[in-house]
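What the coordinates show
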Amino acid sequence: MKNPFVTRSQLDEIVKEHPTPFHLYDETGIRENARRVNAAFAWNPGFKEYFAVKATPNPSILKILREEGCGADCSSLVELMLAERCGFKGQEIMFSSNNTLAEEYQLADKLGAVINLDDLTHVEFLEQAIGHIPETVFCRYNPGGVFTLGEGKDGLQVMDSPGEAKYGMTRPQIAEAFRKLKGLGARTFGIHAFLASNTISNDYYPELAAILFRLAVELREETGCDIRYINLSGGIGVPYRPEEDTNDIHLIGQGVRRKYEEILVPAGMGDVQLCSELGRFMLAPYGCLVTKVLHFKHIYKEYAGVDACAADLMRPAVYGSYHHITVSGKEDAPHDHLYDVTGSLCENCDKFAVDRMLPAIERGDLLVIHDTGAHGHAMGYNYNGKLRSAELLLQPDGTVRMIRRAEKPEDYFATAVW
Ligand SMILES: *Cc1c(COP(=O)(O)O)cnc(C)c1O
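What counts, and at which threshold
Residue positions within a chain follow its written sequence, with the count starting from 1. With the structure being a predicted model, the display of local features is reserved for residues of pLDDT at least 70 and the display and counting of side-chain atom pairs for 80 or more, all residues being used for whole-chain, interface and lining totals. Water and hydrogen atoms were dropped before computing side-chain values, which therefore reflect all heavy atoms in the structure. Only the contacting stretch of a helix is used when fitting its axis, a line to C-alpha atoms as for every element, and angles between N-to-C directions run 0 to 180 degrees. A run of DSSP states H or I qualifies as a helix once it reaches four residues; a run of E qualifies as a strand once it reaches two. Both are numbered from the N-terminal end. Any angle from 65 to 115 degrees is called roughly perpendicular, while one under 35 is roughly parallel, one over 145 is roughly antiparallel, and all others are oblique. We call a crossing left-handed when the near helix sits turned anticlockwise from the far one by less than a right angle, and right-handed when that turn is clockwise. Residue contacts follow a heavy-atom distance rule, with two residues in contact if any of their heavy atoms lie within 4.5 Å. Think of it this way: DSSP has to see at least two bridges between two strands before they count as a pair. Handedness rule for crossovers: strands pointing away from the viewer, path from the first strand over the helix to the second running clockwise, crossover right-handed. Here a residue counts as near a molecule or strand whenever at least one of its heavy atoms sits within 4 Å of it. Pairs of N or O atoms are called polar contacts if they sit within 3.5 Å, as long as, within protein, a hydrogen donor faces a hydrogen acceptor (for residues adjacent in sequence, only side-chain-to-side-chain pairs). Shrake-Rupley sampling with a 1.4 Å probe provides the accessible areas, and residues are treated as covered by the protein chains on show and by no other component. Using protein atoms alone on a 1 Å grid, points that fit a 1.4 Å probe yet trap it form a cavity, whereas open point sets bounded by protein on both sides within 12 Å along at least five of seven lines form a pocket; residues with an atom within 4 Å of a point count as lining. In this scheme, a molecule is assigned to a cavity or pocket if more than half of its atoms are within 2 Å of the grid points. Grid points are joined across faces, edges and corners, and a volume is the space filled by probe spheres set on the points. All residues other than Ala, Val, Leu, Ile, Met, Phe, Trp, Tyr, Cys, Pro, Asp, Glu, Lys and Arg, Gly among them, are scored as polar; the first ten of these are nonpolar and the last four charged.

**Considering the packing of helix α7 (residues 171-183) against helix α8 (residues 204-223)**
- Relative orientation of the contacting elements α7 and α8 amounts to 50°, with a least axis distance of 10 Å. With respect to α8, the axis of α7 lies oblique. The element α7 and its partner α8 pack so that their crossing is right-handed. Of the residues in α8, those touching α7 at R171, I174, A175, F178, R179 and K182 are L215, E218, L219, E222 and T223.

**Let's talk about the pairing of strand β10 (residues 226-231)**
- Pairing between strand β9 (residues 188-192) and β10: five bridges, direction parallel. Bridge assignment links T188 to a residue of β10, and that residue is D226.
- Taken together, β9, α8 and β10 constitute a β-α-β crossover, and its handedness is right-handed.
- By the bridge criterion, three bridges tie β10 to strand β11 (residues 273-276) in an arrangement that is parallel. Pairing of Y229 across the sheet is with Q273, part of β11.
- Regarding the hand of the β-α-β motif, the stretch spanning β10, helix α9 (residues 249-264) and β11 is right-handed.

**Describing the site of the ligand**
- Close contacts around the ligand come from 14 residues, with K54, E277, G279, R280 and H375 the closest.
- In the model, a nitrogen atom of the ligand is placed 3.4 Å from a nitrogen or oxygen of the D73 side chain.
- The backbone of G279 places a nitrogen or oxygen atom 3.0 Å from an oxygen atom of the ligand.
- Isolated, the ligand exposes 390 Å² of accessible area, and the fraction of that covered by the protein chains is 90%.
- Here the ligand is seated within the largest pocket.

**Some thoughts on empty space enclosed by the protein**
- Evaluated as defined, the whole model comprises one cavity of 30 Å³ or more.
- Its volume calculated, the largest cavity comes out at about 40 Å³.
- The wall of the largest cavity is formed by R140, Y141, N142, P143, P162, A165, Y167, F194 and L195.
- Among the residues forming the lining of the largest cavity, the class breakdown is seven nonpolar, one polar and one charged.

Below, the structure is given as structure tokens:
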């Protein structure tokens, strides 16, 4: 059973002041989870989680994470500007971009951010863009092929295709990049890789770590570069479905530690600092989309129409992603009605759920769409003249604070030239 972090009586109070739809975040959950992540890697002095800003680019959320000791992982000019405005400084900012603009490297350099190069050709491009090579540089590795991870209870735990991904450098390229960077003045080096997304497995990070640790040992031998940092990036998933398991970040931290002690320590590289760029794992479960049921329609199927749409949460429409839905206040009622839950876009993919068993829904019911804290509001858009919703923060004392207002028609018209 998957219950929301907010009750019907709390929601009844919240909607008196804040019209639906809105994304609601749970500050307590965010802080407790961030502390678990930091505790899980506390064995590695210098560990830092750089929150993937793209997942939830809200200043109040970023400031909470900064208070919990996190940095910011940015991949565009405006994300860099946002991180700076939220108080992240220097090496608290990681810049992991691809297909990068010169002005992005220029701002990253000006802010003193750690720069993570996605391609061999960017060694020269970076030098031209900023006029020098920073003392510390990271490079992104892509091993190619297919990445799989052993048998879980339902077969393969993880399967993804780095060989189809546009990111990172091949094995020969990363060695060449390190040599070039060293020749141009870089002194300490980091390695980054992102091999699989939304993994439900305590083995993904340890497996990735082993690949990167071995690579670090090899690259040091081949190039003589002083490799001090390994960036395990994002990819730790969350259980969107009630039957899925929750990743245990403590076990993940211990699994990475074993690989560290097995591979890096014997190679004399026990000073390597680890970092992560988690997005989904940091935020997804601690946000939800709250929406009101407006209409029912019975044609060839039974539809419940709500006041949110794919412009508020595009994952179901675009990826067919499952997001759990709770009819608030009916958590314990029998789930004996079959619905498609739809938004109002003139797009047939605008469905939050297809053929979902739910309790009998009434007009005015509030639906809680779970796990929208990452890649939820962030992926919003204005198609069909839809205005992006507000974001609210449920604070530890039970009060609610608006952390982004809903868009108004003036916002929609502001960029048009009449
Ligand atoms: C998207 C992204 C992340 C975060 O991924 P999650 O799956 O949300 O953890 C981290 N690093 C980079 C470079 C990314 O593009």
